Amino acid sequence: MSAIPVGARGSYTLAVLPEHLANRFKDTSLPPVLATPVMIMAMENAALNAIKPYLDAGESAVGTRVDVRHLAATPVGRRVVATAEVTASRGREIEFDVHAADGDEVIGRGTHGRVVIDLARFSGHLAAKSAPAAGER
C-alpha cells in the first residue's frame, strides 16, 4: 500500500431504481424514496474509490464505522452522486468526510472509516471462522 494522502477524493454515482427504495427494504407503507442503507452504500463506494489508486494488488478496504445523517428524500429516477474525501490516514486506518447529493440538494453527509486489508489473509480468517468447531458437527 502506498501512503494515502489527506485530501484524496473519490465519487460514486447511482441511478435510483425501484429496488433502492425504503418501501422495498422495510415497511411497504413508506413512501417510494431512497433507502438510507443504499445512500450509505454509495458513500462507502465513493470512499473506496478515493483510495483504490493507493492500494497494492491483493488489497482492498472494508468499512469499520459510519456516522451519517440522511437529510432529504430522493425519488426513483434521480441520480445520486456520493463523494468522499480522506481526512486522516493512520497506516491502514483511513477516515473520510462523505456527502451525497441528488442534483443541487445535499441528501446526506457524515464521516466514514475504513481499514485496508490483505484479501488473502482476510479470506483465510473468514474461512477459519466459518468452519465448524470441534464437536459441533
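Here the structure is a predicted model, which is why all the values come from computation and not from measurement.

J.: Provide a residue-level description of the overall build of the chain, including the pertinent values.
T.: Of regular secondary structure, the chain possesses 3 helices and 5 strands. If you list the helices and strands of the chain from N to C, you get β-α-α-β-β-β-β-α. With the principal axes as the frame, the chain shows a C-alpha extent of 50 × 45 × 20 Å. For the chain, the proportion of its 137 residues judged to be buried stands at 34%. When contacts within the chain are restricted to residue pairs at least 6 apart in sequence, long-range pairs at least 24 apart make up 67% of them. Split by element, the accessible area of the chain, about 7800 Å² in all, is 53% carbon and sulfur. For the chain, the distance from the average position of its 15 positive side-chain charges to the average position of its 15 negative side-chain charges is 2 Å.

J.: Go over the pattern of salt bridges, please, and point to the residues and values.
T.: Applying the stated criterion across every chain yields a total of 5 salt bridges. Notably, a salt bridge pairs Arg 9 with Glu 85, separated by 3.2 Å at the nearest N-O pair. You can see Arg 9 sitting in strand S1 (residues 9–15) and its partner Glu 85 sitting in strand S3 (residues 79–90), a full 76 residues away along the chain. When its relative accessible area of 63% is taken as the criterion, Arg 9 is described as exposed. Under the relative-accessibility criterion, Glu 85 is labelled partly exposed at 27%.

J.: Describe helix H2 (residues 36–51), and please don't skip the residues or the numbers.
T.: For H2, which comprises 16 residues, the first-to-last C-alpha distance of 23 Å matches the rise-based estimate of 22 Å (1.5 Å per residue) to within 8%. Along H2, the residues classified as buried are Val 38, Met 39, Ile 40, Ala 42, Met 43, Ala 46, Ala 47, Leu 48, Ala 50 and Ile 51. Turning to H2, the residues buried within the fold contact S1, helix H1 (22–25), strand S2 (59–70), S3, strand S4 (93–101) and strand S5 (106–118).

J.: Any chance you could break down the sheet that holds S1 for me, citing the residues and the numbers?
T.: Reading across from one edge, S1-S3-S4-S5-S2 is the order of the 5 strands in this open sheet, with antiparallel pairing throughout. The open sheet has two edge strands with one neighbour each: S1 and S2. Averaged over neighbouring strand pairs, the angle between their axes works out to 25° when direction is ignored. Pairing of S4 with S5, which is carried by 9 bridges, proceeds in the antiparallel orientation. Residue pairing across strands places Asp 97 opposite Thr 111, the latter belonging to S5. Against the sheet, helix H3 (residues 119–130) touches S2 and S5, its axis set at about 90° to S5.

J.: Describe the side chain of His 112, listing the residues and the values that go with them.
T.: Relative to the helices and strands, His 112 resides in strand S5. Under the relative-accessibility criterion, His 112 is labelled buried at 2%. One polar contact links His 112 to Arg 114, side chain to side chain, over a distance of 3.0 Å.

What counts and what doesn't
- Residues numbered from 1 in each chain as written.
- Predicted model: local features only at pLDDT ≥ 70, side-chain atom pairs only at ≥ 80, totals over all residues.
- Heavy atoms only, no water.
- Helix = DSSP H or I, 4+ residues; strand = E, 2+ residues; numbered from the N terminus.
- Buried < 20%, exposed > 50% of the residue type's maximum accessible area, 1.4 Å probe, protein only.
- Contact = heavy atoms within 4.5 Å.
- Areas by Shrake-Rupley, 256 points an atom, 1.4 Å probe, with all protein chains shown as cover.
- Lys, Arg positive; Asp, Glu negative; His and termini not counted.
- Charge placed at Lys NZ, Arg CZ, Asp CG, Glu CD.
- Salt bridge = Lys/Arg side-chain N within 4 Å of Asp/Glu carboxyl O.
- Expected span 1.5 Å × (residues − 1).
- Pairing = 2+ DSSP bridges.
- Axes fitted to C-alpha atoms, helices over the stretch in contact; angles between N-to-C directions.
- Polar contact = N/O pair within 3.5 Å; in protein donor to acceptor, adjacent residues only side chain to side chain.

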